Amino acid sequence: MINARWTWWLSAWTLCVCHAGAGPAAAAAPAQPGGPPPARQRGWVVAEGGGSIGRSEAVSPVFAAMAERTPVRNGEKVIAVVGAPEDPPKDDAEAKARAERPADQLLARFSAAGFTRVLDVRVGDGQGRDAGHIAAIASAGAVFMRGGSQTEYAQWWGRAGEAGTVAHAIAGVYWSGGVVGGTSAGCAVLGEWVYDAAGGSCGPRDALRDGQTKRISFVTGLLDLVPGVLFATHFGERGRLAR
């Protein structure tokens, strides 16, 4: 269990697996959309700092840890891999390159780790209350959140305390004894406090020049799985101590 006073600094290839304390918003999240709140059965939080989740063997423990702890439901171990849709290709050359690239290695590695089904859930702008996305997430015993933009996640997913939202469904997996993990931006949204980068990313020089800059902004209540904790990803790799 995480002490609420700790801050976890995660750089590439860092893995934390833990039970987290109760957050007031997440505690009320149902396991099924529209269903009654479940008994308070904490699951697991798996935090990976980012940088090589789909490529390096150094992060194999992420997949193994999640598969090992995911509950079997209806004879299956199901994981929902949640992220944002890709932007449309800029031109024909980019479209061709996408068509020729290898299959999504992240999905393949979860399958190889022992998950029976791997659901690719892409939540776009305005889809935070999409019934199909919510049902897919609620059917899973584990959720893994891709890297990308925590700004989009914070703006598009709703909040754990808001029934009928993607954030509520993700928190519900955790509060029904499941596993919720993430990498990079997906890791950054696990804690009570989330650096949302709503004003743009802030580099170390800019943070040192002005500690009050509007580019350092936070939100709370997104998933709220780990109370009192801010997950700072790519910490050493990108010099984020100043921020």
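What this report covers is the structure whose coordinates are included nearby. If you're wondering where the values come from, they're calculated on a predicted model, not measured in any experiment.

### Considerations on the overall build of the protein chain
Then comes step 1: Helix and strand content of the protein chain: 8 helices and 10 strands.
Then comes step 2: Counting all 243 residues of the protein chain, 49% fall into the buried class.
Then comes step 3: Long-range contacts, defined as pairs at least 24 residues apart, comprise 79% of the intrachain contacts of the protein chain with a sequence gap of at least 6.
Then comes step 4: Counting every atom, the protein chain has about 11,200 Å² of accessible surface; 52% of that belongs to carbon and sulfur.

### Focus on the nonpolar core
Then comes step 1: Counting 41 residues, the largest nonpolar core has Ile137, Met145, Trp157 and Leu225 as its most contacted members.
Then comes step 2: With 8 residues, helix α6 (residues 166–175) is the single largest residue contributor to this core.
Then comes step 3: Membership of the second largest hydrophobic core comes to 15 residues, among which are Phe63, Ile79, Leu106 and Phe110.

### Section: the environment of Asp224
Then comes step 1: Its location among the elements puts Asp224 in the loop between β9 (218–220) and β10 (226–232).
Then comes step 2: The exposure class assigned to Asp224 is buried, which follows from its relative accessible area of 6%.
Then comes step 3: Distance from Asp224 to Trp193, taken between C-alpha atoms, is 7.6 Å for residues 31 residues apart in sequence.

### Here we look at the packing of helix α1 (residues 60–69) against helix α3 (residues 105–113)
Then comes step 1: Packing of α1 against α3 leaves a shortest axis separation of 9 Å and a crossing angle of 50 degrees. In terms of their interaxial angle, α1 and α3 are classed as oblique. Handedness of the crossing formed by α1 with α3: right-handed. In this structure, α1 contributes Ser60, Phe63, Met66 and Ala67 to the contact, and α3 contributes Leu106, Arg109, Phe110 and Ala113.

### Some details on the side chain of His168
Then comes step 1: You can see His168 is positioned in helix α6.
Then comes step 2: Engagement of the side chain of His168 in a polar contact is seen with the backbone oxygen of Ala160, the distance being 2.6 Å.

### Let's talk about the pattern of salt bridges
Then comes step 1: Enumeration over the complete set of coordinates arrives at 7 salt bridges.
Then comes step 2: Between Arg146 and Asp104 there is a salt bridge, with its nearest N and O atoms 2.7 Å apart. Note that Arg146 is positioned in the loop between β6 (142–145) and α5 (150–156) and Asp104 in the loop between α2 (92–100) and α3, a separation of 42 residues in sequence.
Then comes step 3: Arg146 gets classed as buried once you look at its relative accessible area, which sits at 11%.
Then comes step 4: Salt-bridge contacts for Arg129 lead to Glu162; the nearest nitrogen and oxygen are separated by 4.0 Å. A residue pair is termed long-range when its members are at least 10 positions apart, and Arg129 in the loop between β5 (117–122) and α4 (131–138) and Glu162 in the loop between α5 and α6 qualify at 33 residues.
Then comes step 5: Given a relative accessible area of 56%, Arg129 falls into the exposed group.
Then comes step 6: When salt bridges with common partners are traced through the structure, they connect Asp104, Asp120, Arg122 and Arg146 into a single cluster.

### Overview of the side chain of His133
Then comes step 1: In this fold, His133 is placed in helix α4.
Then comes step 2: Here the side chain of His133 touches Arg122 through a polar contact of 3.1 Å, landing on its backbone oxygen.
Then comes step 3: Apart from the residues within four sequence positions on either side, His133 is in contact with Val121, Arg122, Val123, Gln127 and Val166.

### With respect to the packing of α4 against α6
Then comes step 1: Orientation of α4 relative to α6, taken along the N-to-C sense of each, is 10 degrees, at an axis distance of 9 Å. In this view, α4 runs roughly parallel relative to α6, as classed from their interaxial angle. The residues of α6 that touch α4, namely those facing His133, Ile134 and Ile137, are Val166, Ala169, Ile170 and Val173.
Then comes step 2: Taken together, the residues of the contact of α4 with α6 sort by class into 6 nonpolar, 1 polar and no charged.

### Some points on unusual backbone geometry
Then comes step 1: Within the chain, Ser184 stands out as a residue other than glycine whose phi angle is a positive 55 degrees.
Then comes step 2: Note on placement: Ser184 falls in the loop between β7 (179–183) and α7 (185–188).
Then comes step 3: Take Ser184: its relative accessible area is 16%, and that puts it in the buried class.
Then comes step 4: Of note, the phi angle at Asp224 is positive, near 60 degrees, even though the residue is not glycine.

Thresholds applied
Residues numbered from 1 in each chain as written. Predicted model: local features only at pLDDT ≥ 70, side-chain atom pairs only at ≥ 80, totals over all residues. Heavy atoms only, no water. Helix = DSSP H or I, 4+ residues; strand = E, 2+ residues; numbered from the N terminus. Buried < 20%, exposed > 50% of the residue type's maximum accessible area, 1.4 Å probe, protein only. Contact = heavy atoms within 4.5 Å. Areas by Shrake-Rupley, 256 points an atom, 1.4 Å probe, with all protein chains shown as cover. Core = buried A, V, L, I, M, F, W, Y, C linked by side-chain atoms within 4.5 Å. Axes fitted to C-alpha atoms, helices over the stretch in contact; angles between N-to-C directions. Parallel < 35°, antiparallel > 145°, perpendicular 65-115°, else oblique. Left-handed = near helix turned anticlockwise from the far one by under 90°. Polar contact = N/O pair within 3.5 Å; in protein donor to acceptor, adjacent residues only side chain to side chain. Salt bridge = Lys/Arg side-chain N within 4 Å of Asp/Glu carboxyl O. Nonpolar A, V, L, I, M, F, W, Y, C, P; charged D, E, K, R; others polar.

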